[in-house]
Amino acid sequence: GMSQSSQTPRKLLLKLRVKAFEDMIVRKSRNWLDGFVIWGGGRDGKDFIKAMDPKLHSCVKGFADVDPKKINSKYYMNR
């Protein structure tokens, strides 16, 4: 049979993953509030920061990627 996650919309899974990351990692350790980097400078990385609590956006210091097209590119948050 198919897994539950394969039947769940991508955006819903993302929201659940981001919420778990915020609750179980970022808010439990003050070290994370100093900043962290999001892996992925494309669609998934941008969707990750958009799904985050806006109060935590200042903790994001940048994006990491291996795709030369995304390295040194600018990212602007559409609000």
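Coordinates for the structure precede this section.
Residues numbered from 1 in each chain as written. Predicted model: local features only at pLDDT ≥ 70, side-chain atom pairs only at ≥ 80, totals over all residues. Heavy atoms only, no water.

A. Fine view of the packing of aromatic side chains. Under the criterion given, the structure shown has four aromatic pairs. Geometrically, the ring pair formed by Phe21 and Phe36 is edge-to-face, given 5.4 Å between the ring centres and 80° between the ring planes. Linking Phe21 in helix 1 (residues 10-26) with Phe36 in strand 1 (residues 36-39), this pair joins segments that are 15 residues apart in sequence. Residue Phe36 is classed as buried on the basis of its relative accessible area, which comes to 6%. Of the aromatic side chains, those joined through ring pairs into one cluster are Phe21, Trp32, Phe36 and Phe48. (Phe/Tyr/Trp six-rings, centres within 6.5 Å; stacked < 30°, edge-to-face > 60°. Helix = DSSP H or I, 4+ residues; strand = E, 2+ residues; numbered from the N terminus. Buried < 20%, exposed > 50% of the residue type's maximum accessible area, 1.4 Å probe, protein only.)

B. Molecular detail of the pattern of salt bridges. For the structure on display, the rule yields eight salt bridges. A salt bridge links Glu22 to Arg27; its shortest N-O distance comes to 3.7 Å. As a salt-bridge pair, Asp44 and Arg43 come within 3.0 Å of each other at their nearest N and O atoms. Among the charged side chains, a network of salt bridges with common partners joins Arg10, Lys11, Arg43, Asp44 and Asp47. (Salt bridge = Lys/Arg side-chain N within 4 Å of Asp/Glu carboxyl O.)

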